Each structure stands twice: as C-alpha cells, then as structure tokens.
Amino acid sequence: MSTQPIKIGIMSFAHGHAHSYAASLPKLPNVTLAGIYDDDMARGEAAAQRYGTPFYADPADLLAQSLDAVMICSENSKHRPMVEAAAGKVGYILCEKPIATTAADGQAMIDICARTNTKLQIAFPVRFSPPIQWLKATLERGDLGQVYALQTTNHGSMPGGWFVDPALSGGGAVIDHTVHVIDLLRWFWNTEVTEVYAEVGHELIHPGLGIDDVGLLSFTLANGIYGTLDTSWSRPASYTTWGDVKIEVTGEKGVIFVDAFRQHLAVSSNKVGKTQWRNWGSNMDLGLIDDFIDMIRTGREPSITGLDGLRSLEVALAAYQSAAKGQAIQLHQR
Amino acid sequence: MKRVGILGPGAIAQTHLAGWQQLPVEIAAHYDLRPEMAQRAAEQYGGKACTTLEEFFAAVDVVDICTPAAAHKENVLATVAAGKPMVCEKPLARHLRDCEEIVTACEQAGVPLFVAQVVRFFPEFAHAKAVIESGAIGKPGVIRTIRAGSFPRTLGSFYGNFAKSGGVILDVGIHDIDFQRWCMGEVERVFARGRTFAEPERDHALITLRFTSGAVGHIEASWASPVGQWRTRLEIAGDEGLLEWDSEGEAPITRVTANESNTGKIRTTLSPYGTDINPYKAELAHFLHCVETGEPMRVTPRDGLMSVKVALAAIESVRTGQPVDIATFQETSA
C-alpha cells in the first residue's frame, strides 16, 4: 500500500455530504483535510473547527495550499464556478451530484478539466453499496437471462434549504433524485437512456414548497430495457428513514429486488416519537472517497467521470422537458 | 510490526488468519500438537511451523490461541509464562476452575489477554450497544437474542462430545451470554431448559436470565435447525423505547427464480457486507491497538470467565431443572 501523503481541500459545506466525506478522510492512511473554503463564513468556520483544519474566506487562498485535490460540495449551481476556480490548481476534483443545473455548465466543467489536465470525478456513492455491487455482478454474469424491465425508486425526505431554491438547485425532487439511479443503470450495462417520459408534480406532498416534489420517470435504455424511476420527496418526517434506493429487475429467468440500504436496526424511541432505521451496513461514502484517493495515488482515470455526471443530468433535464411538453423526449439516439 | 503466532491452527484459526492477513502484522509462527497442521498453516499463510513451544514463543510478539476450549488453560498459562499478549478464542475455558486460573495468572503477571467474543464486533450488535449507550431506548429492561443453526457436522465430532465442547450452551449460547452481559450488566441467576443431555447433535436450549439490575434476558441457542439455516435475532426493550433486528427479516437482496421442474419458486435472500465490515479482522485490530496503546480491551479475561460461569450455570439448570444463582454457583461435575 502506497502511503504518499495526500492533501485535500473542501470547497463549501452547503451539501451535507461534505460532512460524511470529511469524516472519511482520517480513516484512510496518510490523507489530510488541509483546509476549507465556504462562501458562507459561519458554516465554513464551524466545519473547519469541527475537523481541525484552517478556514479560508477566499477560495484562492485554499487553492494556494499545494493541495492534491478538492471536493466540491456547494449548491448545484455553484459547482461550475468552483470547478473553474480549482481546475489546474489541483490535479483532481470530486464534485457532488448533480454535476450542474444545466447541460451547458456540465459540459463547460468537463471542458476546462480536460484543458487543464485535471481529473474530474462525480460523487455517485451508491456505486459503492455492496448490494448494488452484487446486482451489477449478477447482471454481468447474465444470471437473469434477457432482462425485460426495471422498476426503481430513489425516494427521499424533503431536504429544504437551498435544495428548494431553483436558482441554486436547478429543480426539486426530479433533479435531486434522478441522477443516482440513472447513473447506476448506465454503469450496469454501459448504456444510455434513449427516451424519457415524465409526470412531474409540484406541491403534491409539501404545500407551498414552490418546486417539484414528485417525479415519475418512464424511460427506455439503448439496450432495449424499459423502466420507471420514482424520484419523489415522499418520505414524511414521521417515516423510519430518509428514503431509499430500490431496483427491481424482471428478466427471463426470474426477478431480483434490491433495497440497497436495508441493513438496519429498527429503533423506536419515545424521545424521538417514532421508529427509526439505524443503518449498520457498509459505509458507501467511505468507499467513494477511498476510490477517489486511490485515483490520486495511482494517477489512473476517474471511475465516475464528468461525462457520467453530464449524461445523468441530461436525463433529469429531459424529464422536466417531457413534463412541460406532455410527450416523451428522445436523447442520445445513435 | 508485531510478529503473530497461532497456537492450534484449526478451523477458527483459518478465519483469524484471514483477518491477520489484512492487518499490519507478520504471521510468524504456527504450533500444533499435530505437526502437519502447523506445517499446512505455514505453507498457506507464511511463517514457520514450530515443533516446540520454546521455538514458537521465541519467534513471536503476540499469540492467538485457537485450540479447542479444553486446551485453552495450558496454552494461556504457557503464553503468560512467556510474557506474550494474547488473543484466546471463546469460550475462555471448558471449566470454571480453569477460567479462574487463567484470570489469576494474567492479573498476577500483568499479561494482556483478549477473549475473542466476536459478536461484540458484528455491526448489528455493536450498533445495538451504541443505541443503548445513546439513551434512545432508556434503561434496558428485557433483552431477547436468538442464535440458531444446524449442528456443525463438517467440523468433526468434537462439538457432539459434551465433555469437550460443553454443548450448544457453551459453544453457541456463550456468544449471547457475553453480549447480554455487555448490554445489561451482571447476571444474578439463570434458568434453562434444553436437549444437551438428550441428543448432543441436535442440541437446543432456551435460557432465561435475571440481571442484577433487575432486567430480564432470554436466549435461544440451537443446533437443531435444518442444514443451511442460520438465524440471529436481537430485541432490546427499555423504558423509553425498543430496538429490533432479525437476520430473517427483510434483506437488501431478494431473488426469486422458478425451480428446476418449473412447478414452484425458489426464493433466496442476501445481505452482503463491503470490505469495510469484517468482525474477525475488527476484533484482532482492536486487540493490536490495545496492546500498542495500553487502552482497555473491550473483552477482559474476567468477562470471559463470567460468560463461562453463566453458561455452566445454565447447563447445571438444564441438568437439575432448578434456577441457579450465579454468585454462589460452583461447578460440581466436570
């Protein structure tokens, strides 16, 4: 095992995943969180104190710290300016999903990283879930024979904050929860989504929200498989957990149901007033960060590329377009 | 880098060696009364096969005792005499007086001994302990655990020999006795019914515990399940809540296929761990960490002794049909 020291910076703690990624770093040998930049000073200073690292109010100061890499966990619309600031100053960038709020921004991020020889990885941690990895291996072995269809969900709780401000998030439940599952399906079969039809609902579950909170996508893949994806923020505060990633596959030789996070204790506490599922399964965020650090150590290509981020974003954008037009949208037809 | 030596490289040693291989140690030596076993382990895992204990102790810094329980005492005492910190597989010994000699020897010589009660390192069980510590369920009042499988026939006739193994209570039930003591505190009395003296190869026991806190515990330990069946279950109720887990509950993966004659279905479930979850590696890493830092071990020799004492008292209760008081319990027949 190489123990070349690695210095990581984090740009913005707007997305809560920043905490999980920051907590993963000390679990890996010879990896240091070397500093934090955040455009919200109070948030950034609190994080810097919590993780025992300097806070920089100016991104240029963080990027001057001879970092190997940065992890960008800002609001979606700020991914592009932060990638543009960091590309070339560091060799490696991990950017939270979705890659951006528009395809043009996503493409610009890919382009500047290519021009500056910066390796851009998008954070799709569900690829590191052991049940999901089992499903991929099983499908690759062809155990199900011909696969006919997929019934999938990525339900969530309504996250609030900037996630419901379209200028910062680019959209609600559809942009938030389309990209994880679509990325998995593209990865399973090395394929693309070729058509999307979507019913999108606003304020069906959260009155006064001002943004979409229900999304039901119906899609076809280039390999002929059809499926649906429910992206709704439909888990109430009284529910047992934040949400789910479920993939149910129907094929020639049987069916497989995967509920990626169903490894939990059920804990009912009068102090909380409800039953909660406490996950004890593998830490997929640690898997993601371990893979990112391995890329830095070995200099290999990212396992999840900027293009992977862009392609899944395009599906979410096509879903909004479909809902606006009331018809299916074609994409990536060859 | 610590040099590890294995005393008794049999079945459980294979699991331990796979854990040691992933830790920063040198697997340095193997010793077994059957020299061919030591030779085989040396060929597979590296290190040398020793023909005398003197040669073995000279080659190692720490010792992992994986012999059958009946041989634990002599090996622990030899390791104490050599002044080497050690892991000892559960149960600490076959008889209470052997446990007492072990505890006294370790305490007098100041040699660290870790009892490999691995259940404390399984993620479901470790999380349950953390939930109790968090106060979420309040003061625990009743705990129920199940550990049920088929008789370990493939590992030889040893387990069916009560004089050597102590039957299902000392081999299987001791995991739950240790876990329940960890969560609930000391045991005051035990009552048990079982098949230990009826049919050793379909041994089964239902154990009722009363803790000194006033709390109550129940354990099912079984070798009477059908081949291929393995179940653990955990439930702890307190004055502020409840936690539950069942290995036969919903799993992250369910697969349904037709049977060979296409007249019915075959349904299987799976709950894979990632490489970050390995309870055997975790307990050995914990032992190493404590040896290096002097921090207290999660399982002490006295914990090992008390679990054996409660298990032997439960066996006595099966024999006599009477409740057995732990504080005054003496092992009468060996």
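Higher on the page you've got the structure.
Scoring rules and cut-offs
- Residues numbered from 1 in each chain as written.
- Chains lettered and ligands numbered in written order.
- Predicted model: local features only at pLDDT ≥ 70, side-chain atom pairs only at ≥ 80, totals over all residues.
- Heavy atoms only, no water.
- Helix = DSSP H or I, 4+ residues; strand = E, 2+ residues; numbered from the N terminus.
- Rg over C-alpha atoms; globule rule 2.2 N^0.38 Å.
- Buried < 20%, exposed > 50% of the residue type's maximum accessible area, 1.4 Å probe, protein only.
- Contact = heavy atoms within 4.5 Å.
- Areas by Shrake-Rupley, 256 points an atom, 1.4 Å probe, with all protein chains shown as cover.
- Buried area = accessible area lost by both parts, 1.4 Å probe.
- Salt bridge = Lys/Arg side-chain N within 4 Å of Asp/Glu carboxyl O.
- Polar contact = N/O pair within 3.5 Å; in protein donor to acceptor, adjacent residues only side chain to side chain.
- Phe/Tyr/Trp six-rings, centres within 6.5 Å; stacked < 30°, edge-to-face > 60°.
- Axes fitted to C-alpha atoms, helices over the stretch in contact; angles between N-to-C directions.
- Parallel < 35°, antiparallel > 145°, perpendicular 65-115°, else oblique.
- Pairing = 2+ DSSP bridges.

## Concerning the overall build of chain B
The secondary structure content of chain B amounts to 10 helices and 15 strands. Its C-alpha radius of gyration of 20 Å places chain B within 12% of the 20 Å reference for a compact globule of 334 residues. Its C-alpha atoms put chain B at 55 × 55 × 45 Å along the principal axes. Expressed as a percentage of its 334 residues, the buried residues of chain B come to 53%. If you take every contact in chain B between residues at least 6 apart in sequence, the share linking residues at least 24 apart comes to 64%. About 14200 Å² of surface is accessible on chain B, with carbon and sulfur atoms providing 50% of the total.

## Some words on the interface of chain A and chain B
Opposite the 29 residues of chain A that make contact, chain B presents 30 residues. When the buried area of chain A at its contact with chain B is split by residue, Arg262(A), Leu265(A) and Trp280(A) rank highest and sum to 27% of it. One salt bridge connects Glu250(B) with Arg262(A), and the closest N-O pair in it is separated by 3.2 Å. Applying the counting rule to chain A against chain B returns 15 residue pairs in polar contact (both at pLDDT 80 or more).

## Describing the packing of aromatic side chains
Within the structure shown, the criterion is met by 21 aromatic pairs over all chains. Considering the side-chain rings of Tyr239(A) and Trp277(A), the 6.0 Å spacing of their centres and the 65° angle between planes classify their relative orientation as edge-to-face. Of this pair, Tyr239(A) sits in the loop between strand E10 (226-230) and strand E11 (246-251) while Trp277(A) sits in strand E14 (residues 274-279); the two residues are 38 residues apart in sequence, bridging distant segments of the chain. According to the relative accessible area criterion, Trp277(A) is partly exposed, its value standing at 24%. Aromatic side chains Phe56(B) and Phe57(B) sit 5.4 Å apart centroid to centroid with 70° between the ring planes, which places their arrangement in the edge-to-face category. Accessibility expressed as a relative area gives 10% for Phe57(B), which makes it buried. The rings of Trp280(A), Phe125(B), Phe179(B), Trp182(B), Trp245(B) and Tyr273(B) are connected pair by pair, giving a single aromatic cluster.

## Digging into the packing of helix H5 (residues 103-115) of chain A against helix H10 (residues 306-325) of chain A
All names here are of chain A. One way to put it is that H5 packs onto H10 with a least axis distance of 10 Å and a crossing angle of 175°. In terms of orientation, H5 lies roughly antiparallel with respect to H10. Here H5 contributes Ala103, Gly106, Gln107 and Ile110 to the contact with H10, which in turn contributes Gly306, Leu307, Leu310, Leu313, Glu314 and Leu317.

## Points about the environment of Leu229(A)
All names here are of chain A. When you line up the elements, Leu229 lands in strand E10. Taking the C-alpha atoms as reference points, Leu229 and Leu216, 13 residues apart in sequence, are found 5.8 Å from one another. Leave out the neighbours within four places in its chain, and Leu229 touches Thr152, Thr153, Asn154, His177, Thr178, Val181, Ile182, Gly215, Leu216, Leu217 and Phe219.

## Regarding the sheet that holds strand E7 (residues 140-149) of chain B
The 9 strands lie next to each other as E14(A)-E13(A)-E12(B)-E11(B)-E7(B)-E10(B)-E9(B)-E8(B)-E15(B), forming an open sheet whose pairing is mixed. Looking at which strands have only one partner, the edges of the open sheet turn out to be E14 of chain A together with strand E15 (324-325) of chain B. Sheet topology places strand E13 (residues 264-269) of chain A next to strand E12 (residues 241-246) of chain B; 4 bridges connect them, and they run antiparallel. Within E12(B), the residue paired with Ser268(A) across the bridge is Leu242(B). Packing against the sheet, helix H10 (residues 301-320) of chain B makes contact with strand E8 (187-194), strand E9 (204-211) and E15 of chain B, and its axis sits at approximately 45° to E8(B).

## Notes on the sheet that holds strand E6 (residues 119-123) of chain A
Residues and elements named next belong to chain A. Read across the open sheet, the 6 strands follow the order E3-E2-E1-E4-E5-E6; overall the sheet is parallel. Either end of the sheet is taken by a strand with one partner, and the two such strands are strand E3 (55-56) and E6. With 4 bridges joining them, strand E1 (residues 6-11) and strand E4 (residues 69-72) adopt parallel strand pairing. Bridge assignment links Gly9 to a residue of E4, and that residue is Val70.

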